[in-house]
Amino acid sequence: MKVAIHPGTRNSYSEFQLQSVARHLNLPDIVLPFWGQRRKIPAYRITWLEGKGNYTVVHFSDGSEMIVSLTLKKLEGRLPSEIFVRPHKKSIINLLYLQEIRTGKSVSICLANGNEIEVSRRKTTQFMKLVVAFQQEFLPLTMPYAMA
């Protein structure tokens, strides 16, 4: 069974729409260590994060990725909890890019860029509660921007 998150056939928000929503929600920029430097990245551009031991692969909305020398747990504390959720011990997703939830024998999610991520059995109930809360609180904010 598939549960569509965003109404209509829209695959994702435009850059302008994401910037408008980020300003409205007052989303901070995230500072990430990269090759001995620090880079400031807008939080809305991060699609999902993938844990790889002591490193984390940060996936961006434009398809690029960056490997940082921080664990997923340390990065989780830096991310705004309003839009970032941890469905599995090895991943954190941005709910702005959540396209659908696939249920059945196991639960998985599909992001707007086509990536499919498994939701752990232990975190399924909490994850679903967070998605419902996000839809009720923040999705109505994005509707005016979806029409732009």
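All of the points below concern the structure found in this document. (Residues numbered from 1 in each chain as written. Predicted model: local features only at pLDDT ≥ 70, side-chain atom pairs only at ≥ 80, totals over all residues. Heavy atoms only, no water.)

1. As for the environment of M66
Heads up, the condition is: Helical segments are the DSSP runs of H or I of at least four residues, strand segments are the runs of E of at least two, and each set is numbered from the N terminus.
The residue M66 is located in strand 6 (residues 65-68) in this model. In this structure, the C-alpha to C-alpha distance between M66 and P33, residues 33 residues apart in sequence, is 10.0 Å.

2. A few points about the pattern of salt bridges
Heads up, the rule is: Salt bridges, as used here, are contacts in which a Lys or Arg side-chain nitrogen is within 4 Å of a carboxyl oxygen on Asp or Glu. To sort residues, take the accessible area from a 1.4 Å probe on protein chains only and compare it with the maximum for the residue type: under 20% means buried, over 50% means exposed, and anything in between is partly exposed.
According to the stated counting rule, one finds four salt bridges in the structure shown. Residue E76 pairs with R86 through a salt bridge whose shortest N-O separation is 2.9 Å. One end of the pair, E76, is in helix 2 (residues 72-78); the other, R86, is in strand 7 (residues 84-88), with 10 residues separating them in the sequence. Among the salt bridges present, the one from R102 reaches E116, with a minimum N-O distance of 2.6 Å. One end of the pair, R102, is in strand 9 (residues 98-102); the other, E116, is in strand 11 (residues 116-119), with 14 residues separating them in the sequence. Residue classification places E116 among the partly exposed residues on the basis of a relative accessible area of 47%.

3. Considerations on the environment of I67
Worth spelling out the cut-off: The contact criterion used is simple: two residues touch if any of their non-hydrogen atoms lie within 4.5 Å.
Note that I67 resides in strand 6. With a relative accessible area of 53%, I67 lands in the exposed category. Discounting chain neighbours no more than four positions away, the residues touching I67 are F34, Y55, T56 and V57.

4. Side note on the sheet that holds strand 8 (residues 91-94)
Put simply, the rule reads: Following DSSP output, two strands are said to pair if at least two bridges run between them. Axes here refer to lines fitted to C-alpha atoms; in helices the fit is confined to the stretch in contact. Angles between the N-to-C directions go from 0 to 180 degrees.
Pairing is antiparallel in the open sheet, where five strands are placed in the order 6-5-4-8-7. For this open sheet the edge positions go to strand 6 and strand 7, each flanked by a neighbour on one side alone. Going from strand to strand, the sheet's axes swing by 20° on average, the running direction of each strand aside. Alignment of strand 5 (residues 55-60) against strand 6, held across four bridges, turns out to be antiparallel. Paired with T56 across the two strands is V68, which belongs to strand 6.

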